[in-house]
Amino acid sequence: MVILPLRTIALQMLCLWVAIAIESYFLHTQLQLHPRFSIFYAATLNLLANLIGWFLFFNLELLLPNSIRQNLIDLVLFGQWERSSLSWILLAIIGAFLIGWFVKRQGLALLRNIRKMWIQRKYGEGGFSIAAREAFIEKAISRTVFNAHLMSNSVILLVVLMKFIRFSLNTP
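Now for a description of the structure that goes with this document.

Reading the values: the criteria
Residues numbered from 1 in each chain as written. Predicted model: local features only at pLDDT ≥ 70, side-chain atom pairs only at ≥ 80, totals over all residues. Heavy atoms only, no water. Phe/Tyr/Trp six-rings, centres within 6.5 Å; stacked < 30°, edge-to-face > 60°. Helix = DSSP H or I, 4+ residues; strand = E, 2+ residues; numbered from the N terminus. Buried < 20%, exposed > 50% of the residue type's maximum accessible area, 1.4 Å probe, protein only. Lys NZ or Arg CZ within 6 Å of the ring centre and 35° of its normal. Core = buried A, V, L, I, M, F, W, Y, C linked by side-chain atoms within 4.5 Å. Contact = heavy atoms within 4.5 Å. Axes fitted to C-alpha atoms, helices over the stretch in contact; angles between N-to-C directions. Parallel < 35°, antiparallel > 145°, perpendicular 65-115°, else oblique. Left-handed = near helix turned anticlockwise from the far one by under 90°. Nonpolar A, V, L, I, M, F, W, Y, C, P; charged D, E, K, R; others polar.

### Some points on the packing of aromatic side chains
Link 1 in the chain: Applying the stated rule across the entire model yields eight aromatic pairs.
Link 2 in the chain: Taking the centre distance of 6.0 Å and the plane angle of 80° together, the rings of F97 and F146 count as edge-to-face. Within this pair, whereas F97 is found in helix α4 (residues 86-123), its partner F146 is found in helix α5 (residues 131-170), the two being separated by 49 residues in sequence.
Link 3 in the chain: The class of F146 is partly exposed, set by a relative accessible area of 30%.
Link 4 in the chain: Looking at R36, its charged tip hangs above the ring of F37, at a distance of 5.3 Å from the centre.

As structure tokens, this is what we get:
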């Protein structure tokens, strides 16, 4: 029997929309990307990060002890957890944040390299800046991706906390 966690899917979609909106704003304003490119980059990076996150989740949860695994399944499928597993949940949130940032940073570097190769093939070798400027640009991109990821995850955390507070107030 297949269990389809519709609440989790709906919450994941909401989180994706929020993250794409916030991160595309950061990419547009801080890196002066065209709005279309900033939305494309934000959507691509968030979908890649979610894909890798779910892949890691399903492979790593098999290695967990049964008590932690059951708490994790209860959290993902039903939105319920025991207070004893709060330290594991916090550790997982921090790990997911760092892994997501790393995936987005590497994904953006990959997208930039693909775009550079396309421009070089189309327009030739000229037109690119010197190595010092590239290093400055890389630092700015890294800082922007981190700030965007931090802001989007903070807003998502607030949304999830509001969801849990709402459901905890409704239950007798």
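What follows continues from the structure just given.
### Some points on the nonpolar core
Link 1 in the chain: Within the largest apolar cluster, ten residues are counted, these being I20, L27, Y41, A42, A43, L45, L108, L111, I141 and V145.
Link 2 in the chain: Sorting the residues of this core by element identifies α1 (6-31), α2 (35-60), α4 and α5 as the ones contributing at least two each.
Link 3 in the chain: Per-element tally for this core: the top contributor is α2, with four residues.
Link 4 in the chain: Look past the residues within four positions of L27 in its chain and what remains in contact with it is Q32, L33, S38, Y41, A42 and T144.
Link 5 in the chain: C15, I22, I156 and V160 belong to the second largest nonpolar core, which has nine residues in total.

### With respect to the packing of α1 against α2
Link 1 in the chain: At a closest axis distance of 8 Å, the pairing of α1 and α2 adopts a crossing angle of 140°. Taken as axis vectors, α1 and α2 run oblique relative to one another. Like other packed secondary-structure pairs, α1 and α2 cross with a definite hand, here right-handed. On α2, the residues that touch T8, Q12, L16, A19, I20, E23, S24, L27 and H28 of α1 are P35, S38, I39, Y41, A42, A43, N46, L47, N50 and W54.
Link 2 in the chain: By residue class, the composition of the contact of α1 with α2 is eleven nonpolar, seven polar and one charged.

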